[in-house]
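Residues per chain are reported as follows:
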Amino acid sequence: MSEEIFQGPTLRPLKLQFGEQTIAGFESAGTGRDILLIHGNSSSSQIWQKQLQGPLGAKYRLVSIDLPGHGGSSPAPDPEHGYSGAGYAGCIAAAAKELGLKDAVVVGWSLGGHAVLNAAPSLPMAAGLMIFGTPPIAKTPDGFSGFKGLSATTFTPAPSDAEIAAWLKTVFAPDYAPLPAFVDADFRRTDGNARGYLGASVQAGRFADEVEIVRGLRIPLAIVHGSEEQMVDLGYLQRLPAPTLWRGQVQVVDGAGHATQWERADAFDRLVDAFASSL
């Protein structure tokens, strides 16, 4: 699959405008429950191709957006704020309102999952949240212990070709092949400031206590994890205090790495379908 897939008749391109910020995205042909999809660091809506143009997109109204500085969206006008948890959360909340989402499922992958948790208090239209590749962080000494392989490239504005190649391999299960070409292209197209300012905000302690957000949720939270995940520790997720955890446990997808929605799309889609249908 490649970017050309987005030129087909089953998707509607979106352009949202918030002040100086332009947000790009896509909407599927389905008319069922609203499902908002948020991609990860240095990625774009392309990572949701299999959902947007597959059976899930035919059943539900899937909407994907490109975060500021990613994909087809413009760079953040105020990068220090725009490329932070609070900035991404504000973008998600504004997009959800502009799109008229109702009783929606909001799905966040990797950085997108952190952004969704940050946005949770500002999403009254959300019926449920789903995160994967996302260990909620906390303002405690072990608050980042959910990461077992977080590369410095994640926060590097202009990494080398070798650093990018090494990072891309951690996005998928070990020995997964072929790596989709668009993932490399998305990384290179992303505004390098998005990585740099995100790292600076984390280092300065300017992030929300996501563990407390999860603890205080009043709506169902689904947590999905690939069994071959290289970045996130399953045990950390399983120990997380999550009173509204869907099905009472983390949903593990066999054979998938960090990019579960791409590597095991059928299994991932079944979980999204079951979660959306249960709300």
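On a predicted model such as this, the values are computed, not experimentally measured, just so you know. Every chain begins its residue count from 1, and numbering advances along the sequence as written. In keeping with the model being predicted, local features are shown solely for residues with a pLDDT of at least 70 and side-chain atom pairs are shown and tallied solely at 80 or more, while totals for entire chains, interfaces and linings include all residues. Excluding hydrogens and water, the side-chain values take into account all heavy atoms of the structure.

Engineer: Looking at this model, I keep getting lost on empty space enclosed by the protein. Mind explaining?
Structural biologist: Which parts of space are left empty comes out when a probe the size of a water molecule is rolled across the atoms. Note on definitions: the grid is 1 Å and covers protein atoms alone; a cavity is a set of points where a 1.4 Å probe fits but cannot get out; a pocket is an open set with protein on both sides within 12 Å along at least five of seven lines; lining residues have an atom within 4 Å of a point. Grid points are joined across faces, edges and corners, and a volume is the space filled by probe spheres set on the points. As enumerated under the stated definition, the model contains two cavities of 30 Å³ or more in all. Approximately 400 Å³ is the volume found for the largest cavity. Taken together, 29 residues make up the lining of the largest cavity; nearest its centre are Leu111, His114, Phe147, Phe155 and Leu198. At the level of secondary structure, the elements contributing two or more residues to the lining of the largest cavity comprise helix 4 (85-98), helix 5 (111-119), helix 6 (161-171) and helix 8 (192-203). Tallying contributions element by element places helix 5 first for the lining of the largest cavity, with four residues. Empty space within the second largest cavity amounts to approximately 40 Å³. Around the second largest cavity, the lining residues are Asn41, Ser42, Ser43, Ile47, Trp109, Trp167, Val171 and Val183. Of the residues belonging to the lining of the second largest cavity, the class tally is five nonpolar, three polar and no charged. Helix and strand assignments follow DSSP, with helices taken as H or I runs no shorter than four residues and strands as E runs no shorter than two, numbered in order from the N terminus. Under the scheme applied here, ten amino acids are nonpolar (Ala, Val, Leu, Ile, Met, Phe, Trp, Tyr, Cys and Pro), four are charged (Asp, Glu, Lys and Arg), and all others, including Gly, are polar.

Engineer: Mind showing me how you'd approach the layout of surface pockets here?
Structural biologist: Of the volumes computed, that of the largest pocket is approximately 210 Å³. In this structure, the largest pocket is lined by Phe18, Gln21, Pro68, Ala76, Pro77, Asp78, His81, Gly82, Gly87, Gly90, Cys91 and Ala94. Secondary structure elements with two or more residues in the lining of the largest pocket: helix 3 (79-82) and helix 4. Considered class by class, the residues forming the lining of the largest pocket number six nonpolar, five polar and one charged. Empty space within the second largest pocket amounts to approximately 170 Å³. Along its surface, the second largest pocket is lined by Ala138, Thr140, Asp142, Gly143, Asp209, Val211, Glu212, Arg215, Tyr236, Arg239, Leu240 and Pro241.

Engineer: Would you explain the pattern of salt bridges in this entry?
Structural biologist: A side chain with one charge can pair with a side chain of the opposite charge if their charged atoms come near. Salt bridges are identified by distance alone: a Lys or Arg side-chain nitrogen within 4 Å of an Asp or Glu carboxyl oxygen. In total, this model carries 10 salt bridges according to the counting rule given. For the salt bridge of Arg188 with Asp184, the shortest nitrogen-to-oxygen distance reads 2.8 Å. A residue pair is termed a helical-turn pair when its members lie 3 or 4 positions apart in one helix, as Arg188 and Asp184 do in helix 7 (residues 181-189) at four residues. Taken together, the shared-partner salt bridges connect Arg12, Glu27, Asp34 and Arg61 into one network.

Engineer: I keep staring at the sheet that holds strand 2 (residues 21-28) and nothing clicks. Help me out?
Structural biologist: Across a sheet, paired strands are connected by hydrogen bonds in the backbone, their directions being either parallel or antiparallel. The criterion for strand pairing is that DSSP finds at least two bridges linking the strands in question. Strand order in the open sheet made by the eight strands is 1-2-4-3-5-6-7-8, with mixed pairing throughout. If you trace the sheet from one side to the other, it starts and ends with strand 1 (11-18) and strand 8 (251-253), each paired once. The sheet shows a mean angle of 20 degrees between the axes of neighbouring strands, taken without regard to direction. When strand 3 (residues 34-38) meets strand 5 (residues 104-109), the two strands line up parallel, connected through four bridges. Bridging from a neighbouring strand, Leu36 pairs with Val106 of strand 5. The contact rule is simple, with two residues in contact once any of their heavy atoms fall within 4.5 Å. Angles here are taken between N-to-C directions and fall from 0 to 180 degrees, while the axes themselves are lines fitted to C-alpha atoms, restricted in helices to the stretch in contact. Together, strand 1, strand 2, strand 3 and strand 4 (61-65) form the strand contacts of helix 4, whose direction differs from that of strand 1 by roughly 120 degrees. This element, helix 12 (residues 265-278), spans strand 3, strand 5, strand 6 (126-132), strand 7 (221-226) and strand 8 of the sheet and lies at about 155 degrees to strand 6.

Engineer: Where do I start with the packing of aromatic side chains in this structure?
Structural biologist: Pairing of aromatic side chains requires ring centres within 6.5 Å, counting the rings of Phe and Tyr and the six-membered ring of Trp. Pairs whose planes differ by under 30 degrees are stacked, by over 60 edge-to-face, and all others tilted. Counted according to the given criterion, the structure contains 11 aromatic pairs. Geometrically, the ring pair formed by Trp48 and Phe132 is edge-to-face, given 6.1 Å between the ring centres and 75 degrees between the ring planes. Linking Trp48 in the loop between strand 3 and helix 1 (49-52) with Phe132 in strand 6, this pair joins segments that are 84 residues apart in sequence. Type-normalised accessible area, obtained with a 1.4 Å probe on protein chains alone, sets the label of each residue: buried when under 20%, exposed when over 50%, and partly exposed for intermediate values. According to the relative accessible area criterion, Phe132 is buried, its value standing at 1%. One Lys or Arg, Lys50, reaches over the ring of Trp262 and ends 4.1 Å from the middle of that ring. The lysine or arginine in question, Lys139, covers the ring of Phe207, its NZ or CZ lying 4.1 Å from the ring centre. A positively charged side chain is recorded as over a ring if its NZ (Lys) or CZ (Arg) lies within 6 Å of the ring centre. The angle to the ring normal must also be within 35 degrees.

Engineer: Any chance you could explain the packing of helix 6 against helix 7 here in plain terms?
Structural biologist: Packed helices, taken two at a time, are described by their axes: the angle between them and the distance between them. With their axes 11 Å apart at the nearest point, helix 6 and helix 7 run at an angle of 130 degrees to one another. Taken together, the axes of helix 6 and helix 7 lie oblique to each other. Taken as a pair, helix 6 and helix 7 cross one another with a handedness that is right-handed. Judged by residue contacts, Asp161, Ile164, Trp167 and Leu168 of helix 6 engage Val183, Asp184, Phe187 and Arg188 from helix 7. Class assignment of the residues belonging to the contact of helix 6 with helix 7 gives a composition of five nonpolar, no polar and three charged. For classification purposes, angles smaller than 35 degrees are called roughly parallel, those larger than 145 roughly antiparallel, those between 65 and 115 roughly perpendicular, and all remaining angles oblique. Crossing handedness: left-handed means the near helix sits turned counterclockwise from the far one by under a right angle, and right-handed means the same turn made clockwise.

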